[in-house]
Amino acid sequence: MRFEPRRNKTVSTRTRRLRVVGALCAVLASATLVTGCGQDNGDETAAATSEAAKVIPQQTTTPYESPSGSPSGTAAQLTEDQTERKDLLSTVKVTYDKAATTAVGEVSGGKLTDLDLEGLDDDEESASPSASASPSPDGSASPSPTGSPSPSGSSTGPKWIAEVVEEDGTAHTVSIDAVSGDVIDSVTEAEQSDAEKQELADWVSKAQQTWQQAAKVATDKQKGTVTSLNLDENDSQTLVWQVDVVTEDWNRTTFDVDAATGKITNEEVDDD
């Protein structure tokens with residue numbers, strides 16, 4: 001709205017100045033024919049021409065009001081999920097393999113069955129395993145005893161949430177600071193049924209491929225950053241490692257790697 005009065009004022013000023021220049025040129029032309037141009041007239045002509053030239057750039061720049069939205073053009077190319085991945089991964093200093101190794105080290109004789117970067121591509125299923133630890137980041141240290149002993153500021157940053165299972169199927173949830181690599185907490189799952197323990201024990205014993213091998217198979221197929229590992233049965237009741245890989249374009253590819261053969265049985269790209 002500010003540009004309209006400025007544009008009108010510029011045009012009228014330019015008109016007045018050009019009239020001055022025109023009048024001077026006419027006078028100078030006559031004087032040149034009759035008596036020649038004096039030093040004072042030359043100075044006035046230079047000054048008037050200089051003043052007139054200053055008006056022209058203003059006239060060419062003021063009508064262009066479009067650049068106001070243009071800087072955001074490149075940023076607008078990323079979707080909400082892509083932006084979330086980019087922003088979160090830029091803060092992570094601890095890679096998935098270091099987090100997994102740290103988590104396994106917290107449980108004697110345990111094996112990794114699940115590892116997720118909290119807050120990245122979360123869905124309803126991935127939110128439930130960490131329910132016991134989730135109240136503490138939102139409401140300081142009071143709601144749950146599991147996250148309260150050691151939230152020395154790390155609870156507000158990115159975290160790796162791991163599930164480590166003992167040979168008998170007992171599951172432990174280990175939270176690891178994704179910046180420092182420190183263990184935030186390690187909690188034994190208290191509400192496991194005997195059936196759930198037996199199922200996990202069976203999976204651990206049947207998985208001939210380790211999480212390291214599954215991650216390598218996935219990243220050999222698609223270069224990128226591993227953000228999730230999960231040992232589970234697919235729709236065909238085949239035990240697989242599900243491996244999420246975020247690529248340089250911030251898309252996510254999920255691979256199903258057969259936990260017995262190490263072959264990729266499914267590949268799905270989430271480019272939302």
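This one's a predicted model, so the numbers in the text were calculated from it and none came from an experiment.

S.K.: Help me get a handle on the sheet that holds strand E4 (residues 183–188), residues and values and all.
M.R.: One open sheet accounts for eight strands, arranged E4-E3-E2-E1-E5-E6-E7-E8; its pairing is antiparallel. Unpaired on one side and paired on the other, E4 and strand E8 (264–270) mark the two borders of the sheet. For this sheet the average axis-to-axis angle between neighbouring strands, irrespective of direction, equals 20 degrees. As judged from the three bridges shared by strand E1 (residues 111–117) and strand E5 (residues 225–233), these two strands associate in the antiparallel manner. Bridging across to E5, Asp114 finds its partner in Asn230. Against the sheet, helix H8 (residues 211–221) engages E1, E5, strand E6 (239–246), strand E7 (252–258) and E8, with an angle of about 50 degrees to E6.

S.K.: Before we move on, could you go through the packing of aromatic side chains and cite the residues and values that matter?
M.R.: Aromatic rings considered in pairs are described by the distance between their centres and by the relative angle of their planes. All told, the structure shown has one aromatic pair when counted by the stated rule. With centroids separated by 6.3 Å and ring planes inclined at 85 degrees, the aromatic side chains of Tyr96 and Trp211 adopt a geometry described as edge-to-face. Within this pair, whereas Tyr96 is found in helix H4 (residues 96–105), its partner Trp211 is found in helix H8, the two being separated by 115 residues in sequence. You'll find Tyr96 and Trp211 in the same group, each marked buried.

S.K.: Explain unusual backbone geometry to me, and be specific about the residues and the numbers.
M.R.: Despite not being glycine, Gln237 shows a phi value in the positive range, around 65 degrees. By secondary structure assignment, the location of Gln237 is in the loop between E5 and E6. Of note, Trp250 is a non-glycine position whose phi angle comes to about 70 degrees, a positive value. Judged by its relative accessible area of 24%, Trp250 is partly exposed.

S.K.: Kindly report on the confidence of the model for the protein chain, identifying the contributing residues and their values.
M.R.: Taken residue by residue, the protein chain gives an average pLDDT of 73. The fraction at 70 or more is 59%. The model gives residues 1–41 a pLDDT under 50, and that stretch makes 22 contacts with residues more than four places away or in other chains. Per-residue pLDDT stays below 50 along residues 124–154; that stretch engages in 22 contacts with residues further than four places along the chain or on separate chains.

S.K.: Quick rundown of H8? Include the residues and the values.
M.R.: Within H8, burial applies to Trp211, Ala214, Ala215, Ala218 and Thr219. Here the buried residues of H8 occupy an arc of 125 degrees about the axis, which is enough to place them on one side. Next to the buried residues of H8 lie H4, E1, E5, E6 and E7.

Reading guide: rules and limits
Residues numbered from 1 in each chain as written. Predicted model: local features only at pLDDT ≥ 70, side-chain atom pairs only at ≥ 80, totals over all residues. Heavy atoms only, no water. Pairing = 2+ DSSP bridges. Helix = DSSP H or I, 4+ residues; strand = E, 2+ residues; numbered from the N terminus. Axes fitted to C-alpha atoms, helices over the stretch in contact; angles between N-to-C directions. Contact = heavy atoms within 4.5 Å. Phe/Tyr/Trp six-rings, centres within 6.5 Å; stacked < 30°, edge-to-face > 60°. Buried < 20%, exposed > 50% of the residue type's maximum accessible area, 1.4 Å probe, protein only. pLDDT = per-residue confidence, 0-100. Arc of directions from axis to C-beta.

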